[in-house]
Amino acid sequence: MIVRISTEGQYEISDEDAAGLNELDNEAVSVCQASDEAGFREVFGRLLDYVRTHGKPVPDDEMFGSDIILPPPDVSLEEAQTEFQGVGLIPS
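The model shown is predicted, which means the values in this text are computed figures rather than measured ones.

1. With respect to the nonpolar core
For step 1, the next point in the chain: Within the largest apolar cluster, 23 residues are counted, with the highest numbers of intra-cluster contacts made by V3, L21, F40, F44, V51, L70 and F84.
For step 2, the next point in the chain: Breaking this core down by element, the ones donating at least two residues are β1 (2-5), α1 (15-33), α2 (37-54), β4 (68-70) and α3 (77-83).
For step 3, the next point in the chain: When residues in this core are grouped by element, the largest group, 7 residues, is from α2.

Here you go:
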């Protein structure tokens, strides 16, 4: 699975790590629905860190279509609420 963090780059996530990513995505949906700014910052930070630490960076000269595009690290809660809803960014 290829995950893009907007303004940062692409990462290849293994199928084994996709479940952990999905859990964090679901947490992000919950805090967005609750309009919990502090909770969103904490969960979204963990989600980005998960992608960065479990994902393998895709070299800049190799571009693939992204399966998932995450908002940039500085996304506002209001902007995130339009993306993190329902099943989230990662379909189960």
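Having put the structure on the table, let's press on.
2. Observations regarding the packing of α1 against α2
For step 1, the next point in the chain: The geometry of α1 relative to α2 is characterised by a closest axis approach of 9 Å and an angle of 165° between their N-to-C directions. Classified by the angle between their axes, α1 and α2 sit roughly antiparallel to one another. For the pair α1 and α2, the sense of crossing is left-handed. For the pair α1 and α2, contact is made by D17, G20, L21, L24, D25, E27, A28, V31 and C32 and by G39, F40, V43, R46, L47, Y50, V51 and H54, respectively.

3. A word on the pairing of β1
For step 1, the next point in the chain: Relative to strand β2 (residues 9-12), β1 runs antiparallel, the two being bridged by 4 bridges. In the strand pairing of β2, I5 is matched with G9.
For step 2, the next point in the chain: What sits between β1 and β2 in their antiparallel hairpin is a turn of 3 residues, with T7 showing a positive phi close to 75°.
For step 3, the next point in the chain: Here β1 pairs with β4 via 3 bridges, running parallel. Considered in β4, the bridge of I5 is made with L70.

4. Some thoughts on the packing of aromatic side chains
For step 1, the next point in the chain: Applying the stated rule across the entire model yields 3 aromatic pairs.
For step 2, the next point in the chain: Where F44 meets F84, the ring centres are 5.9 Å apart and the plane angle is 75°; that geometry is what we call edge-to-face. With F44 in helix α2 and F84 in the segment after α3, the pair connects residues that are 40 residues apart, well separated along the chain.
For step 3, the next point in the chain: With relative accessibility at 1%, the residue F84 sits in the buried group.
For step 4, the next point in the chain: In textbook terms, an aromatic cluster arises when at least three aromatic residues are bridged by ring pairs, as seen for F40, F44 and F84.

Rules of the game
- Residues numbered from 1 in each chain as written.
- Predicted model: local features only at pLDDT ≥ 70, side-chain atom pairs only at ≥ 80, totals over all residues.
- Heavy atoms only, no water.
- Core = buried A, V, L, I, M, F, W, Y, C linked by side-chain atoms within 4.5 Å.
- Buried < 20%, exposed > 50% of the residue type's maximum accessible area, 1.4 Å probe, protein only.
- Helix = DSSP H or I, 4+ residues; strand = E, 2+ residues; numbered from the N terminus.
- Axes fitted to C-alpha atoms, helices over the stretch in contact; angles between N-to-C directions.
- Parallel < 35°, antiparallel > 145°, perpendicular 65-115°, else oblique.
- Left-handed = near helix turned anticlockwise from the far one by under 90°.
- Contact = heavy atoms within 4.5 Å.
- Pairing = 2+ DSSP bridges.
- Phe/Tyr/Trp six-rings, centres within 6.5 Å; stacked < 30°, edge-to-face > 60°.

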